Amino acid sequence: MNQIEVISKLQDIFDNVFLEPVELTPLLSAKDVPEWDSLTHISLMVAVEKAFSVRFRVGEVETTRNVGDFADLILKRLQEP
Amino acid sequence: MHNRDIKTLLLSGSPDFWGQLAARTRASSDFDELFMLSVLRKKAHLRHHIAPGVVHEKTRLALVGGYSLYPLHDLLEHLCEMEGFPCEVWRGEFDNYISEIMDDASDLYRFQPQIILLMPAEHRCKYSGALTDARETQQAEAGRVVQSLLKLICKLHEKTHAEVIVTNFILPARHDLGAYRSRTLGSDWTFRKWVNLELGLNAPPYLHICDMEFLAHRRGGIEARDERSWYESKQPCSSALLTDTAREIVNLIRSMRQAPKKVLVLDLDNTIWGGVIADDGLEGIEIGDTSPRGEAFKAFQKAILSLKQRGILLAVCSKNDHEKAAEAFEKHPEMVLKMEDFVSFKANWEPKSDNLRQMAHELNLGLDSFVFVDDNPAEVEIVRQFAPGVATILLGPDPSGHLTQLQDCRLFEPQNITAEDAGRTDQYRSDTQRQALCSAITDMDSYLESLAMEAVISEFTSMDVPRLAQLINKSNQFNLTTRRRTEADLLALLRNPDYVCFSIRLNDRFGEHGLISVVIAQEENGTLKIDTWLMSCRVLKRQVEDEALNELARLARTRNCCRVEGIYVPTAKNAMVRDLYPKFGFLLSLENETVRKFNLNLDDFQPRPTKIAIKRRAYEPN
């Protein structure tokens, strides 16, 4: 899987959570999307961990700045044994 | 993905949206799915998409604790609204509960909560000394943890009169200390267990325990915790257990408002025994210790019998020939349940919904007091459609699951078991004997006389409070105002000199009826206003209401009141008392759609003659 494929799978998850369609791009971040508040964020993270079967390490999600960073993090965790 | 459908319903403003949302919420056990549904609910509110049905006043629910109460507050808000009792939620700061509770001027008290959830911090439930300290020392410290918690809870209650829900402590799920953990009270494992036990056993009536120890045990200790979510956002537990906890809290709130069910109605074939009695005969049905299936059915019957011992009425509703069905109970040696355990036995070929309605009529109970159990989906569907209000349990195909389905149905959970509950079947059975006597004596007066009734009228006492609250919260038919009150409300009334409050207990030659009538009246400028007047329908037409009025008039006179004011608030269920006041000589003073008010001038009132001997009156020495 590469970043584009990860973002495309993320798109499905976001479409499921958000009411208004949001087109995911590597530079998009939470502050660009009115619906993306902290409650939605919690829900998104649980859904992402489940969909990708990954588990983020403590504190690392908040270090990502945008969708691209986040996709890279998913990729990194996917490559773990 | 099926979320698209519900979103389309929302975006198109469809009235089906709310039904779908409630159904999805009920079915979901996923934390993230519940949040998504909650987001949709809030979106719908923003779009002024209004749920059909009654608009309920919001209950004010405050959350305080040693954890971040975000996002728990959102889950609770969502689940409460979906259950039909929307809440306005106030959330305390992370781990600020002690000062929020101790400070009389805190925002918590300004919010004027009606229900308060307290989630005490786990780190304050830890033994401070050594594992090897004397057991007395360790025990004393556990006692102090419980006492300080109970003090906080007591302060909360005295200040707000709110019902309080407290979460108890989750036990550790790691091997730390090994087998030694259970040989000392100093380990987190035993210390918290001890604290949880003491907390539950010492809980005052207004305190409800949200048993997180049990919920974590049910889910599995390791799955219940999530260290990462504590470091990142100060969560009390894993998202899975947080969902379980939110559901449990909502269940506790519901149980404060709704009485538990009263009657369990059972199908027979393949429900309480295996096989079909009409086809397989007495020897052919499976019940008893001779086969694994027979054992499973027997265990199910034993559990049903223990419900009866807790005060639940049992009944039978089966498509069967009456004689054949009755024979199984009379002659099968392994049968745990006997004919006399049932207050009603309908084995016939009428639709089950009709039988249930008939039963409700005979027992003077609403359909919403009934739970119907059957293994046949078609029968369950008929009852759902044609006897709405009856809760149903559709048993699975494996009888070893019958017992667990009953244990997990959550319909018969006692709040406080009262002594009256345990004797209830006897009361209903002697009702049948009384009815037999009634048909023998045609003249009502001689019938009432022959019953040799005795009543004890008592002012409210703290000992009676659990039973009073139970009656106040479940009586629907003979209930003039249908005002519900919590145990906490009643304890407050006990100390209020402006109120006259009494209850009536009735006995007759067939047995005890227990506490069956409640009156609450408020004195205001020479008038005694009847705030609450209700009576159990078991004692209809026994002149208890006449004695209640006599007592009211007597108490009004001792307080130098010259008038009694009666109020009737119509509901779907209390039409039977619509004309109670005029029948007793009250004059109508006001009438509109929501209320009728009446006055009784005491100068014109003569005590009503009855056949009840009054053994004691309220506010009088014994």
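Preceding this paragraph is the structure being described.
These remarks concern the structure in this document. These numbers were taken from a predicted model, which means no experiment stands behind them. Every chain is numbered independently, its residues counted from 1 as its sequence is written. Going through the entries in the order they are written, you letter the chains from A and number the ligands from 1. With pLDDT at 70 or above as the cut-off, local features in this predicted model cover only qualifying residues; side-chain atom pairs require 80 or more to be listed or tallied, and sums for whole chains, interfaces and linings still use all residues. Each side-chain value is worked out from all heavy atoms of the structure, with water and hydrogens disregarded.

1. Examining the overall build of chain A
Only DSSP runs of H or I reaching four residues or more are called helices, and only runs of E reaching two or more are called strands; each is numbered from the N terminus. Along chain A, the regular secondary structure elements total three helices and zero strands. N-terminal to C-terminal, the α/β element order of chain A is α-α-α. Against the compact-globule benchmark of 12 Å for 81 residues, chain A has a radius of gyration of 12 Å, which places it among compact chains. Seen through its C-alpha atoms, chain A measures out along the principal axes to roughly 35 × 25 × 20 Å. Note on classification: 1.4 Å probe, protein chains only; a residue is buried when its accessible area is under 20% of the maximum for its type, exposed when over 50%, partly exposed between these limits. Across the 81 residues in chain A, those meeting the buried criterion constitute 49%. Throughout, the radius of gyration refers to the C-alpha atoms, and the reference size of a globule is 2.2 Å times the residue count to the power 0.38.

2. Remarks on the packing of aromatic side chains
Stacked, tilted and edge-to-face are the three classes assigned to paired rings of Phe, Tyr and Trp, where Trp is represented by its six-membered ring and a pair needs centres within 6.5 Å; plane angles under 30 degrees give stacked, over 60 edge-to-face, the rest tilted. Counting across every chain of the model gives 19 aromatic pairs over all chains. Measuring from centroid to centroid gives 6.3 Å for A:Phe18 and A:Trp36, while their planes differ by 55 degrees, and the two rings are tilted. Of this pair, A:Phe18 sits in the loop between α1 (3-17) and α2 (38-52) while A:Trp36 sits in the loop between α1 and α2, and the two are 18 residues apart along the sequence. Like A:Phe18, the residue A:Trp36 is buried in the burial classification. Put simply, the rings of B:Phe478, B:Trp533, B:Tyr581, B:Phe584, B:Phe586 and B:Phe598 touch in pairs and so form one group of aromatic residues. Only Lys NZ and Arg CZ are tested; either one counts as a charge over a ring when it is within 6 Å of the ring centre and within 35 degrees of the ring normal. A cation over an aromatic ring shows up here: A:Lys9 above the ring of A:Phe52, its NZ or CZ 4.7 Å from the ring centre.

3. Details of the nonpolar core
Residues and elements named next belong to chain B. In these notes, a set of buried Ala, Val, Leu, Ile, Met, Phe, Trp, Tyr and Cys residues joined through side-chain atoms within 4.5 Å is what counts as a nonpolar core. Core analysis: the largest hydrophobic core is formed by 47 residues, its most contacted members being Leu-76 and Ile-165. What fixes the domain bounds is an automatic or database domain assignment. Taken domain by domain, this core gets at least three of its residues from each of domain 1 (1-54) and domain 2 (56-257). Sequence-distant contacts of Ile-165, that is, excluding residues within four places in its chain, are made with Ile-115, Ile-116, Leu-117, Leu-118, His-208, Cys-210, Ile-249, Leu-252, Ile-253 and Met-256. One finds Ala-455, Phe-605, Ile-612 and Ala-618 within the second-largest nonpolar core, a separate group that totals 42 residues. The contact criterion used throughout is that any non-hydrogen atoms of two residues lie within 4.5 Å.

Just geometry here; none of it tells us what the structure is for.
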